[in-house]
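Understanding the architecture of this molecule
These are the residues of each chain, in order.
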Amino acid sequence: MKVGIIGCSGMGAHHAQFICNAGFKLAVCGDTIPERAKALAAKFGADATGDCMSVCRRKDVDVVAVLTPTPYHAPYVVAAAEAGKHVFCEKPFGRTMEQCDEALDAVEKADVKLFLGHVVRYFQEFEAIKKQIEAGKVGKVGFVRTYRGGICPVGAGTWFRDWEMSGGVTMDTIIHDFDWIRYVFGDPERIYCQNLKERFGEAIDYSMVTMRMKSGIIATTTGTWAHPAGFQVKVEVCGDNGMIQYDSNEAPISSMMRANASDTPGMIVPGSPVSVSPYQLEWEDFKRWLEGNGEPRVTPEDGVWAVRIALGALESAQTGQPVTFN
Ligand SMILES: NC(=O)c1ccc[n+]([C@@H]2O[C@H](COP(=O)([O-])OP(=O)(O)OC[C@H]3O[C@@H](n4cnc5c(N)ncnc54)[C@H](O)[C@@H]3O)[C@@H](O)[C@H]2O)c1
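For clarity, every value in this text was computed on a predicted model and none was experimentally measured. (Residues numbered from 1 in each chain as written. Predicted model: local features only at pLDDT ≥ 70, side-chain atom pairs only at ≥ 80, totals over all residues.)

1. Comments concerning the site of the ligand
Where we set the bar: Here, nearness means that the C-beta atom of a residue, built from backbone geometry, sits within 6 Å of the molecule or strand in question. Note on conventions: DSSP H or I runs of at least 4 residues are helices, E runs of at least 2 residues are strands, and numbering of each starts at the N terminus. Amino acids are sorted into nonpolar (Ala, Val, Leu, Ile, Met, Phe, Trp, Tyr, Cys and Pro), charged (Asp, Glu, Lys and Arg) and polar (every other residue, Gly among them).
Around the ligand lies a shell of 26 residues, among which Gly7, Ser9, Gly10, Met11 and Gly155 are the nearest. The dominant element in the shell around the ligand, judged by the number of residues it contributes, is helix H1 (residues 10-21), at three residues. For the shell around the ligand, the class distribution of residues is eleven nonpolar, ten polar and five charged.

So, in structure tokens, the structure goes:
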């Protein structure tokens with residue numbers, strides 16, 4: 001199967017290798033800045049173009065990978081679907097609900113497959129936490145807390161700092177956590193968010209989100225683009241038997257059992273020395289689905305839900321009121 005990439009900088013260059021590792025062939029690289037397309041294409045023996053819509057129309061392309069800034073995802077997803085191509089689209093699926101609805105509609109009408117790049121579902125640490133929860137290790141979960149961030153992403157232009165384009169740390173970065181929390185704990189009932197962007201501008205963004213899940217679990221997510229350097233992820237899940245913790249600066253995952261719930265308090269569960277990138281696992285999962293073997297870990301509806309949660313958080317930050325989901 002052959003893939004055409006649209007958007008050839010940060011994620012384009014990152015995905016290209018994993019696309020090939022997963023057994024696809026890279027046919028063409030497209031970017032509105034043709035030099036960027038040429039530079040990436042040259043590494044993989046692919047064609048290059050500055051006319052990105054032509055990537056969707058090419059007869060030899062089976063899958064279009066949409067790896068552009070967020071507001072351009074939907075137009076390319078629509079064009080690819082209308083040309084009968086399957087689509088890999090980076091998160092967030094769209095910048096607005098209207099974009100998500102339009103793109104999903106095109107995909108359903110064309111009966112093509114859409115895979116959304118919610119890669120945190122493929123991080124082994126996060127999957128290990130999910131499995132431990134499902135195995136009942138910490139008992140009945142009451143509270144989950146996540147943290148994600150570092151500096152404002154630089155990107156190939158200034159679009160990350162343009163809040164209308166990126167949606168700041170809330171839409172761009174902690175959408176990963178919104179998706180993962182919903183994946184593990186089900187749909188949210190309501191959300192409340194406080195956001196620094198309103199006071200300091202886009203480059204120093206900070207978001208503190210609280211969700212009440214329909215299950216009754218409380219989830220809090222903090223996202224930052226306010227650090228001077230570095231990137232860090234943390235997770236804490238508390239249940240009536242104990243707690244699971246993960247800090248990317250201090251891997252592996254640790255589980256601490258309550259004294260009366262385990263003979264071995266403070267037990268450490270080692271993280272696996274991972275050799276396959278979660279970005280490659282995404283492409284392998286997508287390929288299995290394309291070949292008719294099972295369902296993918298991320299559905300198009302999951303991608304729509306993640307945008308809905310992020311937009312709910314942004315609305316709450318603006319109004320100072322919680323937002324309820326139907
Ligand atoms: N899953 C993850 O871990 C992860 C990480 C970073 C970014 N992302 C997402 O990936 C997407 C791309 O981010 P990035 O970091 O690669 O950005 P980037 O700025 O590094 O690269 C974007 C590329 O798209 C090109 N481009 C801009 N407008 C275009 C258009 N209309 N048509 C075609 N090409 C266009 C630019 O020239 C540039 O080469 C974003 O939606 C971002 O949120 C995901």
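2. Description of the domain arrangement of the chain
To keep it simple, the criterion reads: Domain start and stop points were drawn from an automatic or database domain assignment. Residues are defined as contacting one another if the C-beta atoms placed from their backbone atoms lie within 7 Å.
Domain assignment breaks the chain into domain 1 (2-112) and domain 2 (120-274 + 299-324). Using only C-alpha atoms to locate each centre, domain 1 and domain 2 end up separated by 27 Å. Contacts between domain 1 and domain 2 engage 14 residues on the former and 16 residues on the latter. Top contributing element to the side of domain 1 that touches domain 2 by residue count: helix H5 (residues 97-110), with four residues. Here the residues of the side of domain 1 that touches domain 2 sort into eight nonpolar, four polar and two charged.

3. Quick look at the packing of helix H9 (residues 175-185) against helix H12 (residues 300-319)
Helix-helix packing: each pair is described by the crossing angle between the helix axes and the interaxial distance. Condition: A fitted line through C-alpha atoms represents every axis, and for helices the fit uses only the stretch in contact; the resulting angles, taken between N-to-C directions, go from 0 to 180 degrees. Convention used here: angles under 35 degrees read as roughly parallel, angles over 145 as roughly antiparallel, angles from 65 to 115 as roughly perpendicular, and any remaining angle as oblique. Note on convention: the crossing is left-handed when the near helix lies turned anticlockwise from the far helix by less than a right angle, right-handed when the turn is clockwise.
Look at H9 against H12: their axes get within 9 Å of each other, and the N-to-C directions meet at 120 degrees. As the angle between them shows, H9 and H12 are arranged oblique. Between H9 and H12 lies a crossing of right-handed hand. In this structure, H9 uses Ile175, Phe178, Asp179 and Arg182 to contact H12, whose residues at the interface are Asp302, Trp305, Ala306, Ile309 and Ala310.

4. Details of H12
The cut-off we apply is this: What a helix should span is 1.5 Å times the count of its residues minus one. In this scheme the burial state of a residue depends on its C-beta neighbours within 10 Å: 20 or more other such atoms mean buried, 12 or fewer mean exposed, and anything in between means partly exposed; the C-beta positions come from the backbone.
When the terminal C-alpha atoms of H12 are compared, their 29 Å separation across 20 residues agrees well with the 28 Å that a helix rising 1.5 Å per residue should span. In terms of burial, H12 is a largely internal element, 14 of the 20 residues being buried. Glycine 320 sits one or two positions beyond H12 and adopts a positive phi of about 75 degrees.

5. Points about the pairing of strand S5 (residues 86-90)
Remember that side chains alternate between the two faces of the sheet whenever the strand is regular. Filter applied, for reference: At least two DSSP bridges between two strands are required for those strands to pair. The handedness rule is simple: strands pointing away from the viewer, and a clockwise path from the first strand over the helix to the second, make the crossover right-handed.
The element S5 is largely enclosed, with a buried count of five among its five residues. Of the two faces of S5, both are covered, the one formed by His86, Phe88 and Glu90 as well as the one formed by Val87 and Cys89. When strand S4 (residues 63-66) meets S5, the two strands line up parallel, connected through four bridges. Paired with valine 66 across the strands is cysteine 89, a residue of S5. Once you follow S4 into helix H4 (residues 73-82) and on to S5, the crossover reads as right-handed.

6. Here we look at unusual backbone geometry
Cis geometry marks the peptide bond from lysine 91 to proline 92; its omega dihedral reads -15 degrees. Examined against the element boundaries, proline 92 turns out to sit in the loop between S5 and H5. At aspartate 111, a residue that is not glycine, the phi angle is positive and equals roughly 55 degrees. Along the chain, aspartate 111 turns up in the loop between H5 and strand S6 (114-117). Classification of aspartate 111 by C-beta neighbours within 10 Å gives exposed; the count is 8.

7. Side note on the sheet that holds strand S1 (residues 2-6)
Taken in spatial order, the six strands make up an open sheet running S3-S2-S1-S4-S5-S6, and their pairing is parallel. In this open sheet, the two edge strands, each paired with only one partner strand, are strand S3 (47-49) and S6. Here the strands of the sheet are splayed against their neighbours by 20 degrees on average, with no regard to which way each runs. As paired elements, S1 and S4 share four bridges and run parallel to each other. The residue bridging glycine 4 from the neighbouring strand is valine 64, located in S4.

8. Let's talk about the confidence of the model for the chain
Our working definition: pLDDT is a residue-level measure of predictor confidence that goes from 0 to 100.
Overall, the prediction assigns the chain a mean pLDDT of 92, with 92% of residues at 70 or greater. Residue range residues 261-273 is modelled with pLDDT below 50. Its contacts to residues more than four positions away, or to other chains, number 22 contacts.

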